[in-house]
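Residue-level structural notes
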Amino acid sequence: QAQLVESGGGLVQPGGSLRLSCVFSGSIFRIYYMGWYRQAPGKQRELVADITSDGTISYVDSVKGRFTISRNNAKNTVSLQMNSLRPEDTAVYSCNAHVMTDEVGTTWSGWGQGTQVTVSS
């Protein structure tokens, strides 16, 4: 059964770095969309960064210049490099994907289970 599996969260001090990875466990014929979202306690989930099918990348303003999203098509992976982390980056980070899984057009959309990122001294 296809699924997204995230890794790389943890506790880091302000100014530190973490790298999140999200792997799609099934086969991918074409990637339509992959993105990272986060939800802090008491707040709505927000888009952090995403990559569309044509490679267009976008970031929420609060992470521009600090976070970098990248995609490895050969490994079915999307990663989020997070530098200069701040306490306000603390949240559960989840990846989302919309892909075509075979050449006849079967699609799959879903979320990973989430990984906790805590920025604190």
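Above this text sits the structure in question.
Quick look at the structure, then. (Residues numbered from 1 in each chain as written. Predicted model: local features only at pLDDT ≥ 70, side-chain atom pairs only at ≥ 80, totals over all residues. Heavy atoms only, no water.)

Digging into the overall build of the chain
When its secondary structure is counted, the chain shows 0 helices and 11 strands. Over its C-alpha atoms the chain spans a radius of gyration of 14 Å, differing by no more than 12% from the 14 Å that the globule rule assigns to 121 residues. Each of the three principal axes of the chain carries a C-alpha extent, and together these read 50 × 25 × 25 Å. A burial count over the chain gives 40% of its 121 residues as buried. Looking at the chain alone, contacts between residues at least 24 apart form 56% of all its contacts between residues at least 6 apart. Total accessible area on the chain stands at roughly 6,400 Å², and carbon and sulfur atoms take up 47% of it. Measuring between centres, the 10 positive side-chain charges of the chain sit 5 Å from its 9 negative side-chain charges. (Helix = DSSP H or I, 4+ residues; strand = E, 2+ residues; numbered from the N terminus. Rg over C-alpha atoms; globule rule 2.2 N^0.38 Å. Buried < 20%, exposed > 50% of the residue type's maximum accessible area, 1.4 Å probe, protein only. Contact = heavy atoms within 4.5 Å. Areas by Shrake-Rupley, 256 points an atom, 1.4 Å probe, with all protein chains shown as cover. Lys, Arg positive; Asp, Glu negative; His and termini not counted. Charge placed at Lys NZ, Arg CZ, Asp CG, Glu CD.)

Looking at the side chain of Arg 66
Assignment of secondary structure puts Arg 66 in the loop between β6 (57-59) and β7 (67-72). Here Arg 66 falls in the buried class, since its relative accessible area comes to 7%. A distance of 2.9 Å separates a polar side-chain atom of Arg 66 from the backbone oxygen of Ser 84. In contact with Arg 66, not counting residues within four places along its chain, are Gln 81, Met 82, Asn 83, Ser 84, Leu 85, Arg 86 and Asp 89. (Polar contact = N/O pair within 3.5 Å; in protein donor to acceptor, adjacent residues only side chain to side chain.)

Description of the environment of Tyr 32
Tracing the sequence through the fold places Tyr 32 in strand β4 (residues 30-39). With 88 residues separating them in the primary sequence, Tyr 32 and Ser 120 have C-alpha atoms 35 Å apart.

Topic: unusual backbone geometry
Phi is positive for Asn 76, which is not a glycine, with a value near 55 degrees. Along the chain, the position of Asn 76 falls in the loop between β7 and β8 (77-82).

What to know about the pattern of salt bridges
Overall, the coordinates contain 4 salt bridges when judged by the stated rule. As a salt-bridge pair, Asp 89 and Arg 38 come within 3.0 Å of each other at their nearest N and O atoms. Residue Asp 89 is located in the loop between β8 and β9 (91-100), and its partner Arg 38 is located in strand β4; the two are separated by 51 residues in the primary sequence. Among the ionic pairs, Asp 61 bridges to Lys 64, the shortest N-O distance being 2.9 Å. You can call Lys 64 partly exposed: its relative accessible area is 48%. Through salt bridges with shared partners, a single ionic network connects Arg 38, Glu 46, Arg 66 and Asp 89. (Salt bridge = Lys/Arg side-chain N within 4 Å of Asp/Glu carboxyl O.)

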